[in-house]
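Inside the fold
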Amino acid sequence: MRQLLRHPGFSSDQYKPGFPVLNPIPPKQDDASGLFIFMDGDAHSRLRRMLTAEFMIKNIRRIEPLIEETVIESLERMRGLGAPVDLMAEFALPVPSMTICHLLGVPYSDHDFFQHHSAVIMDRKSGPAEVEAALGALAGLLGDLVEAKRTEPTDDLLSRLVIERVVPGELRKDELVSLAMLLLVAGHETTANMIGLSALVLLQHPEHLAALRENPDLAPGMVEE
Ligand code: HEM
């Protein structure tokens, strides 16, 4: 697998002829310059490295209490709604979305806007024009945020990248905007689907569900990262 991933003929660039895209993709845009998921080699490493420290386990642990709080609040809200309740809408989608908004420093008041456009981008039924419009809307929101953080930095990933990389000239603003967009979108529905599918698997295997309820310490063994 490693050999395959390192092979120069194996590329992440979806604009290369023959790339097996799932969705029709909009024309290549200059302002997509931070989307390193679609890049290879040095261009990829340059941007990916800027995030290494942010995603180190000790830094992620710092937001663990917030994640726990978000999970408990969402569970309480679901309990208040009474059965039947939509696990995806009420729990699986909002929890990752709130977590990433917090990590990046996107105000939660912008969350509905973000969740809507993010869903359009991820939806296989969206056409190229719709995806382009959704990307543009998210870029607008994030561009304004980056400017705000330049003058009033806070304790979050966007502020750190503005101050440590954009201000010294290592990273362009448009690169940061699309990099932030990548994080917002990449961590949202992926994690939500993982939560939904995990719940489904447990319901299909009541013996595992019972064992887990009996002993919650078994949880880490249930998830392969
Ligand atoms: C269960 C949840 C998740 C799943 C199943 C998942 C899955 C994946 C997969 C399969 C890729 C490789 C895609 C490709 O190369 O075509 C990927 C890349 C990536 N994911 Fe996730 N992801 C999850 C959560 C997250 C979260 C929470 C974040 C960030 C907040 C994130 C950020 C990224 C980024 C930045 C890349 C690109 C990495 C690179 O090109 O170096 N993902 N993810």
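Further up the page is the structure itself.
Residues numbered from 1 in each chain as written. Predicted model: local features only at pLDDT ≥ 70, side-chain atom pairs only at ≥ 80, totals over all residues. Heavy atoms only, no water.

Details of the overall build of the protein
What the protein contains, in helices and strands, is 13 helices and zero strands. Starting at the N terminus and ending at the C terminus, the protein contains elements arranged as α-α-α-α-α-α-α-α-α-α-α-α-α. Computed over C-alpha atoms, the radius of gyration of the protein comes to 19 Å, within 12% of the 17 Å expected from 2.2 N^0.38 for 225 residues, which places it in the range of a compact globule. Within the protein, buried positions represent 35% of all 225 residues. Across the protein, every contact between residues at least 6 apart in sequence was considered, and the portion connecting residues at least 24 apart equals 61%. (Helix = DSSP H or I, 4+ residues; strand = E, 2+ residues; numbered from the N terminus. Rg over C-alpha atoms; globule rule 2.2 N^0.38 Å. Buried < 20%, exposed > 50% of the residue type's maximum accessible area, 1.4 Å probe, protein only. Contact = heavy atoms within 4.5 Å.)

Some details on the pattern of salt bridges
Across all of its chains, the model carries 14 salt bridges by this definition. The shortest N-O distance in the salt bridge between Arg150 and Glu147 comes to 3.4 Å. Separated by three residues within a single helix, Arg150 and Glu147 lie in helix H8 (residues 128-151), roughly one turn from each other. According to the relative accessible area criterion, Glu147 is partly exposed, its value standing at 34%. Arg172 is paired through a salt bridge with Asp174; the nearest N and O atoms lie 3.0 Å apart. Note on Arg172: relative accessible area 44%, which makes it partly exposed. (Salt bridge = Lys/Arg side-chain N within 4 Å of Asp/Glu carboxyl O.)

Focus: the environment of Ile163
Its location among the elements puts Ile163 in helix H9 (residues 157-166). According to the relative accessible area criterion, Ile163 is partly exposed, its value standing at 36%. For the pair Ile163 and Thr151, spaced twelve residues apart in the sequence, the C-alpha separation amounts to 9.5 Å. Setting aside residues no more than four positions away along its own chain, Ile163 makes contact with Lys149, Arg150, Pro153 and Pro168.

A word on a nonpolar patch on the surface
A cluster of nonpolar side chains, namely Met1, Leu4, Leu5 and Phe10, defines an oily patch on the protein surface of about 440 Å² accessible area. Mapped onto the elements of the fold, Met1 is located in the segment before helix H1 (2-6). Judged by relative accessible area, which is 72%, Met1 ranks as exposed. (Patch = residues over 30% accessible without salt bridge, like charges linked within 9 Å, V, L, I, M, F, W, Y side chains within 5 Å. Areas by Shrake-Rupley, 256 points an atom, 1.4 Å probe, with all protein chains shown as cover.)

Focus on the packing of helix H4 (residues 64-81) against helix H6 (residues 94-104)
Between H4 and H6, the shortest axis-to-axis distance is 10 Å and the interhelical angle comes to 145°. In the packing of H4 onto H6, the handedness of the crossing is right-handed. Contact residues: Leu66, Ile67, Thr70, Val71, Ser74 and Arg77 in H4; Pro94, Val95, Met98, Thr99 and His102 in H6. Partitioning the contact of H4 with H6 into residue classes produces six nonpolar, four polar and one charged. (Axes fitted to C-alpha atoms, helices over the stretch in contact; angles between N-to-C directions. Left-handed = near helix turned anticlockwise from the far one by under 90°. Nonpolar A, V, L, I, M, F, W, Y, C, P; charged D, E, K, R; others polar.)

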